[in-house]
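Secondary and tertiary structure notes
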Amino acid sequence: MAVFIDYQNVHLSAREAFLPWGSPTKEGHIDPCAFARALVAMRKRPSRLLSVRVYRGRPDPRNEPDAAAANDRQAAVWQRAGAIVCRRPLRYPHDWPDLPAREKGIDVQLACDVITEAMTHQVDAVIIASRDTDLMPALEIVRSRRLAHVETASWDGASRIRFPGEHAPWCHRMDEAAYESVRDHRDYSKS
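Because the structure is a prediction, the values reported are computed rather than measured. (Residues numbered from 1 in each chain as written. Predicted model: local features only at pLDDT ≥ 70, side-chain atom pairs only at ≥ 80, totals over all residues. Heavy atoms only, no water.)

Here's the deal with the packing of helix α4 (residues 106-119) against helix α5 (residues 136-144)
As a reminder of what qualifies: Lines fitted to C-alpha atoms define the axes, with helix axes restricted to the stretch in contact, and inter-axis angles between N-to-C directions lie between 0 and 180 degrees. In this description a helix means any DSSP run of H or I spanning at least four residues, a strand means any run of E spanning at least two, and both kinds are numbered starting from the N terminus. Each angle is binned into one of four classes, with values under 35 degrees roughly parallel, values over 145 roughly antiparallel, values of 65 to 115 roughly perpendicular, and all other values oblique. Contacts between residues were defined by any pair of non-hydrogen atoms, one from each residue, lying within 4.5 Å.
Interhelical geometry of α4 versus α5 gives an angle of 10° and a closest axis separation of 8 Å. In terms of axis orientation, α4 runs roughly parallel to α5. Contacts between α4 and α5 involve Ala111, Val114, Ile115 and Ala118 on the former and, on the latter, Ala138, Ile141 and Val142.

Examining the environment of Gln74
Applicable threshold: Polar contacts here mean pairs of N or O atoms no more than 3.5 Å apart (in protein, one a potential hydrogen donor and the other a potential acceptor; neighbouring residues in sequence count only if both atoms are side-chain atoms).
Structurally, the position occupied by Gln74 is in helix α3 (residues 65-80). Along the backbone, Gln74 and Ser189 are 115 residues apart, and their C-alpha atoms lie at a distance of 9.2 Å. With sequence-adjacent residues up to four places away left out, Gln74 is seen in contact with Tyr7, His29, Arg56 and Tyr188. A distance of 3.3 Å separates the side chain of Gln74 from the side chain of His29, its partner in a polar contact.

Section: the packing of aromatic side chains
For clarity, the threshold we go by: Think of it this way: a Phe, Tyr or Trp ring, Trp meaning its six-membered ring, pairs with another when their centres are within 6.5 Å, and the plane angle makes it stacked under 30 degrees, edge-to-face over 60, tilted otherwise. We call a residue buried when its accessible area falls under 20% of the maximum for its residue type, exposed when it is over 50%, and partly exposed in between, using a 1.4 Å probe and counting protein chains only.
Enumeration according to the criterion identifies seven aromatic pairs in this entry. Ring geometry for Phe18 versus Tyr179: centroids 5.1 Å apart, planes at 20°, classification stacked. Residue Phe18 is located in helix α1 (residues 7-18), and its partner Tyr179 is located in helix α6 (residues 176-182); the two are separated by 161 residues in the primary sequence. With respect to burial, Phe18 and Tyr179 carry one shared label: buried. The interplanar angle of 55° and the centroid separation of 5.6 Å between the aromatic rings of Phe35 and Trp155 together place this pair among those described as tilted. With Phe35 in helix α2 (residues 32-42) and Trp155 in strand β5 (residues 149-155), the pair connects residues that are 120 residues apart, well separated along the chain. By the ring-pair criterion, three or more aromatic residues cluster together here, those being Phe18, Phe35, Trp155 and Tyr179.

A closer look at the pairing of strand β4 (residues 125-129)
To be explicit about the condition: For two strands to be treated as a pair, DSSP must find no fewer than two bridges joining them.
Along β4, five of the five residues are buried, which leaves the element largely enclosed by surrounding structure. Direction of pairing for strand β1 (residues 2-6) relative to β4: parallel, over a ladder of four bridges. For Val3, the partnering residue across the bridge sits in β4 and is Ile127. Across five bridges, β4 lies against β5 in parallel orientation. Looking at the pairing, Ile127 lines up with Glu151 of β5.

Remarks on the side chain of Asp31
Put simply, the test is: We score Asp and Glu as negative and Lys and Arg as positive, and we do not count His or the chain ends. Salt bridges are defined by distance alone: a side-chain nitrogen of Lys or Arg within 4 Å of a carboxyl oxygen of Asp or Glu.
Looking at the element boundaries, Asp31 is found in the loop between α1 and α2. Nearest to the buried, unbridged Asp31 among oppositely charged side chains is Arg186, at 4.5 Å. Looking at Asp31, its side chain comes within polar contact range of the main-chain nitrogen of Cys33, at 2.9 Å. Within polar-contact distance, the side chain of Asp31 engages the backbone nitrogen of Ala34 at 3.0 Å. With sequence-adjacent residues up to four places away left out, Asp31 is seen in contact with Val182, Arg183 and Asp184.

Looking at the state of the cysteines
Applicable threshold: The definition used for a disulfide is geometric: two cysteine sulfur atoms within 2.5 Å.
Summed over all chains, the structure comprises zero disulfides. The thiol sulfur of Cys33 is not disulfide-bonded, and the nearest other cysteine sulfur, from Cys86, lies at 13 Å. Given the relative accessible area of 5%, Cys33 is considered buried. Residue Cys112 stays outside any disulfide, its sulfur separated by 11 Å from that of Cys86, the closest cysteine.

Laid out in structure tokens, this is it:
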């Protein structure tokens, strides 16, 4: 099976669910490989994790050199652990830094990769860790064409992706204890 992680969505949802309001932004990160292994261990049927794919934005070093360096260090650690890290440049509005930079194209990349991975038939199940309903068309294609079994993951108390009018796909709900077990306490702001 393959696990696809919309990192910003998962990270911010975890912070919202389990950390005190106002916690520093460098806190609350997760280890994507530990997160994926925990999800696979939650499945009712025995499964083998073949792929962990993480999707997130990358700050522009010209605009945010420290954030870009921390992002690079984090991606390097994840890759050494076996994750495939897919990053796309953040988009900076003309009135940045008054308005924050935003991720662009992450959801499309994740959706395309879910379909592509399912079409290879190397995996029989995919788990998408995200609450973003923009991913629904990809999940619908994978399910309707019977390319792979589709599941999702979300934190306890957080919203989840659902097919319209259904309780499907199955959602792995991770509680605070599960969050603490996959939390990444490294400070990537330090080299």
